[in-house]
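# Structural overview
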Amino acid sequence: PILLKPSAWTIHIPPLASFGLVTMMLGRIAAASRLAARRSVAGTPVLRSPLVGASGAARGAAHVSAPKPLSIRMDSLFVKCVIAAVIYFVPQDAVFLTGLFWKWHNEASTISPKKKLSDAESALEDFKAKKGLDDVKVSKGRSTWHVTA
């Protein structure tokens, strides 16, 4: 018999009972293994992986091309974060980019200012004489001429 001492909370197992308990447990394990072997021989495995038969499961991972949500709700956290980011960052970017483009335009106008000329042919001949060029290619636009040597 198994005796439990409440003061020490220890279990006392007599030697004969322990032999019978071990024998019983080994018998149950052997029976379970024989049952599992019979089932697997019959064609239905006892333990089956959930990935067996899945496409792309050669190394245990499923093939994922891309996360494709079927729909995006307008009251979702993702949409609210995008709206908040647009509201916060677009005005700052617009102010910064306006200043940047204005600076670039002023630098380019300082380097090569526009001049309105009444006679483009004489201006081209003066330009060629000033630069010492004889053969130049002129591409004439509606209001602007481009000269390349």
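Residues numbered from 1 in each chain as written. Predicted model: local features only at pLDDT ≥ 70, side-chain atom pairs only at ≥ 80, totals over all residues. Heavy atoms only, no water.

On to the overall build of the protein chain, then. The helix and strand tally for the protein chain stands at three helices and four strands. Ordered by position from the N terminus, the helices and strands of the protein chain form the series β-β-α-α-α-β-β. Per-residue burial for the protein chain yields a buried fraction of 3% across its 149 residues. For the protein chain, the share of sequence-separated contacts (at least 6 apart) that also reach a separation of at least 24 residues comes to 5%. As presented, the protein chain carries roughly 13,900 Å² of accessible surface, and 66% of it is formed by carbon and sulfur atoms. (Helix = DSSP H or I, 4+ residues; strand = E, 2+ residues; numbered from the N terminus. Buried < 20%, exposed > 50% of the residue type's maximum accessible area, 1.4 Å probe, protein only. Contact = heavy atoms within 4.5 Å. Areas by Shrake-Rupley, 256 points an atom, 1.4 Å probe, with all protein chains shown as cover.)

A separate point is helix H2 (residues 77–111). When the terminal C-alpha atoms of H2 are compared, their 50 Å separation across 35 residues agrees well with the 51 Å that a helix rising 1.5 Å per residue should span. Of all the bends in H2, the largest measures some 30 degrees and sits at Phe89, one to four residues before the proline Pro91. (Expected span 1.5 Å × (residues − 1). Bend = angle between axes of the 7 residues up to and from the residue.)

Tallying each qualifying case throughout the model produces two aromatic pairs. Centroid distance Tyr88 to Phe89: 4.9 Å. Interplanar angle 90 degrees. Geometry classified as edge-to-face. Its relative accessible area of 52% is what places Tyr88 among the exposed residues. On the accessibility criterion, Phe89 (43% relative accessible area) is partly exposed. (Phe/Tyr/Trp six-rings, centres within 6.5 Å; stacked < 30°, edge-to-face > 60°.)

A word on the pattern of salt bridges. Tallied over the entire structure, the rule returns four salt bridges. The shortest N-O distance in the salt bridge between Lys140 and Glu121 comes to 3.4 Å. Here Lys140, found in strand E3 (residues 137–140), pairs with Glu121, found in helix H3 (residues 120–131); they are 19 residues apart in sequence, far enough to count as distant. What makes Lys140 exposed here is its relative accessible area of 54%. (Salt bridge = Lys/Arg side-chain N within 4 Å of Asp/Glu carboxyl O.)

Turning our attention to the pairing of strand E4 (residues 145–148). By the bridge criterion, four bridges tie E3 to E4 in an arrangement that is antiparallel. Bridge pairing in E4 links Lys137 to Thr148. (Pairing = 2+ DSSP bridges.)

Looking now at the side chain of Lys128. Here Lys128 lies in helix H3. Lys128 sits in the buried class, given a relative accessible area of 17%.

Turn by turn, an α-helix covers 3.6 residues, leaving residues three or four places apart pointing in a common direction. Under the 1.5 Å per step criterion, the end-to-end length of H3 is 16 Å for 12 residues, consistent within 8% with the ideal 16 Å. Just downstream of H3, Gly132 is the residue with a positive phi angle, here 75 degrees.

Another point: a nonpolar patch on the surface. Taken together, the side chains of Ile72, Phe78, Val82, Val86 and Val90 define a hydrophobic patch exposed on the protein surface, amounting to about 450 Å² of accessible area. Mapped onto the elements, Phe78 comes out in helix H2. (Patch = residues over 30% accessible without salt bridge, like charges linked within 9 Å, V, L, I, M, F, W, Y side chains within 5 Å.)

Quick look at the confidence of the model for the protein chain now. With 73% of its residues at a pLDDT of 70 or more, the protein chain shows a mean pLDDT of 79. Within the protein chain, strand E1 (residues 3–5) has the poorest average pLDDT of any element, 53, and H2 the best, 96. (pLDDT = per-residue confidence, 0-100.)

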